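# Descriptive structure summary
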Amino acid sequence: MDLSCTPEEEEFRARLREWLAEVLPTLPPKPSPDDWPARRAYDLGWQRMLYDAGYADVHWDASPTVRLIFLEETEKAGAPYVGANFVGLLHAGPTVAAEGTEGQRARWLPPILRGEEVWCQGFSEPDAGSDLAALRTRAWRDGDHYVVSGSKIWTSHAEVADWCELLVRTDSSAPKHRGISWLALPMDAPGVTVRPLRTLAGSAEFAEVFLDEVRVPVANRVGAENDGWRVTMVTLSFERGTAFVGEVVACRRVLGEVARTARDNGRWDEPEVRRRLGRLNAEFRALWRLTQWNVSAAETAGGVPGVGGSVFKLRYSHARQELYDAAADVLGPDSLDLGRPWMSDRLSSLSYTIAAGTSQIQRNIVAERILGLPKGR
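Just so you know, these numbers come straight off a predicted model, no measurement behind them.

### Looking at the confidence of the model for the protein chain
In the predicted model, the protein chain carries a mean pLDDT of 85, and 85% of its residues have values of at least 70. Averaged pLDDT values for the elements of the protein chain fall to 67 in helix H11 (residues 359-370) and rise to 98 in strand S8 (residues 221-222).

Laid out in structure tokens, this is it:
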């Protein structure tokens, strides 16, 4: 498989680098991590700049390789992360682009690209655990609307979102994977209550969402009724297959910074530290190659990442935790200070073996769909 870039793709890379070097020095200071309304405004402002410069559509209109180049170069340049735009840009938007009707694409994609609307993800539920298909939030038809009641947890960016990609049970008598539908929920609808959740790191980018007979137009359903599990697999393929690409680049940058710190404070003289950082360097180089392979495979499959994304997500989640554990080891007692570099990221890294599907779920996917092993009884 050819993992090299074409001349046209390298031209795109050079043009993007030049634009980033020009505009990044003009950005305002980043807002406080705890000020989500300000962060929303900042993130949407950056997205608008990308839109005006012609780079906003790389997340679903461009080829997977161009998308990879974009994520790689913006991270290397220190450009703002997608932030509050994460769900809309990296998996809700691509799902609508792949599965939505022409009218749905026209309604929801341009506002995401222009930096006008934020999406959140309403998948997980308090009583479902890792078994996403065990969701209990119900939706029943009432004319041209669904009436939705239930609750969601770990709803990313719900406190500042305009829309929610929502999974609901539309047929309680069907097998659990076949009675689910994928809806676009307007977050300002009557009956929606958002309660922010504070994480171990002190941030509040997640929330509980309570739905009390919320009316959602049937026209907001993406895919057929009761076909939501298949649509969800498309969403998760983007979430696991390409959404973490920029973070691999970030981890490689952090690893270099950790190595320089080890040289400065004398820890580099310890063979175990050098072996540990060397192994992590090989790990992230391999993950980057795996990312390129997954992108190439997606390009031949119409742009939707395949089950190889689960291999990547499984190993990346653990490698990220190992990286920040190594950083804490290099810092020594200073690692107890959350104000030091990398320590807040170390806390957030604990969630990566749960977010976007637990490591146990990923192992099952790899075993059953890649290795062809029988399902557990």
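### Thoughts on the side chain of Glu75
Within the element layout of this structure, Glu75 appears in helix H3 (residues 64-76). Glu75 gets classed as buried once you look at its relative accessible area, which sits at 16%. Not counting residues within four places of it along the chain, the set of residues in contact with Glu75 comprises Gly246, Val249, Ala250 and Arg253.

### Some points on the pairing of strand S4 (residues 163-169)
Most of S4 sits out of view: seven of its seven residues are buried. The side-chain alternation of S4 yields two buried faces, one formed by Trp163, Glu165, Leu167 and Arg169 and the other by Cys164, Leu166 and Val168. In this structure, strand S1 (residues 119-122) lies alongside S4, joined through four bridges in parallel fashion. Bridging across to S4, Gln121 finds its partner in Glu165. Bridge count for S4 against strand S5 (residues 180-186) is seven bridges, and the pairing is antiparallel.

### Here's the deal with the side chain of Ser156
Within the element layout of this structure, Ser156 appears in the loop between strand S3 (145-152) and S4. Classification of Ser156 by relative accessible area gives buried; the value is 15%.

### Here's the deal with the packing of helix H4 (residues 86-99) against helix H5 (residues 102-113)
Taken N-terminus to C-terminus, the directions of H4 and H5 make an angle of 160°; their axes are 9 Å apart at the nearest point. As judged from the angle between their axes, H4 and H5 are roughly antiparallel. Here H4 and H5 pass one another in a crossing that is left-handed. On H5, the residues touching Gly88, Leu89, Gly93, Val96 and Ala97 of H4 are Gln104, Arg105, Trp108, Leu109, Ile112 and Leu113.

### Considering the nonpolar core
Formed by 46 residues in total, the largest nonpolar core has its most connected members in Trp46, Leu277 and Phe284. Where this core is concerned, the elements lending two or more residues are helix H1 (7-23), helix H2 (36-53), H3, helix H7 (245-265), helix H8 (271-300) and helix H9 (308-331). For this core, the element with the highest residue contribution is H9, accounting for ten residues. Residues contacting Phe284, with those up to four places away along its chain left out, are Val248, Cys251, Arg252, Leu255, Tyr316, Ala319, Arg320 and Leu323.

### Overview of H5
Its twelve residues give H5 an end-to-end C-alpha distance of 16 Å, which sits within 8% of 16 Å, the value for a rise of 1.5 Å per residue. Of all the positions in H5, only Gln104, Trp108, Leu109, Pro111, Ile112 and Leu113 are classed as buried. Turning to H5, the residues buried within the fold contact H2, H4, S1, S4, S5 and S8.

### Quick notes on H7
Here H7 contains 21 residues, and its C-alpha end-to-end distance of 31 Å stays within 8% of the 30 Å for a straight helix at 1.5 Å per residue. By the burial criterion, the buried members of H7 are Val245, Gly246, Glu247, Val248, Val249, Ala250, Cys251, Val254, Leu255, Val258, Ala259 and Ala262.

### Considering empty space enclosed by the protein
This structure, assessed with the given rule, holds one cavity of 30 Å³ or more. Along its surface, the largest cavity is lined by 14 residues, and Leu71, Thr74, Pro80, Tyr81 and Val82 are the ones closest to its centre. Of the residues forming the lining of the largest cavity, the biggest block, four residues, is contributed by H3. Grouping the constituent residues of the lining of the largest cavity by class yields nine nonpolar, four polar and one charged.

### Thoughts on the pattern of salt bridges
In total, this model carries 27 salt bridges according to the counting rule given. The closest approach of N and O atoms between Arg253 and Glu257, which form a salt bridge, is 3.3 Å. In this pair, Arg253 and Glu257 both sit in helix H7, four residues apart, roughly one turn of the helix. On the basis of relative accessibility, which here comes to 38%, the residue Arg253 falls in the partly exposed class. The residue Arg267 makes a salt bridge to Glu270 at a minimum N-O spacing of 2.7 Å. By relative accessible area, Arg267 is classed as buried at 18%.

Cut-offs applied
- Residues numbered from 1 in each chain as written.
- Predicted model: local features only at pLDDT ≥ 70, side-chain atom pairs only at ≥ 80, totals over all residues.
- Heavy atoms only, no water.
- pLDDT = per-residue confidence, 0-100.
- Helix = DSSP H or I, 4+ residues; strand = E, 2+ residues; numbered from the N terminus.
- Buried < 20%, exposed > 50% of the residue type's maximum accessible area, 1.4 Å probe, protein only.
- Contact = heavy atoms within 4.5 Å.
- Pairing = 2+ DSSP bridges.
- Axes fitted to C-alpha atoms, helices over the stretch in contact; angles between N-to-C directions.
- Parallel < 35°, antiparallel > 145°, perpendicular 65-115°, else oblique.
- Left-handed = near helix turned anticlockwise from the far one by under 90°.
- Core = buried A, V, L, I, M, F, W, Y, C linked by side-chain atoms within 4.5 Å.
- Expected span 1.5 Å × (residues − 1).
- 1 Å grid on protein atoms, 1.4 Å probe; cavity = no way out; pocket = protein on both sides within 12 Å on 5 of 7 lines; lining within 4 Å.
- Points joined across faces, edges and corners; volume = space filled by probe spheres on them.
- Nonpolar A, V, L, I, M, F, W, Y, C, P; charged D, E, K, R; others polar.
- Salt bridge = Lys/Arg side-chain N within 4 Å of Asp/Glu carboxyl O.

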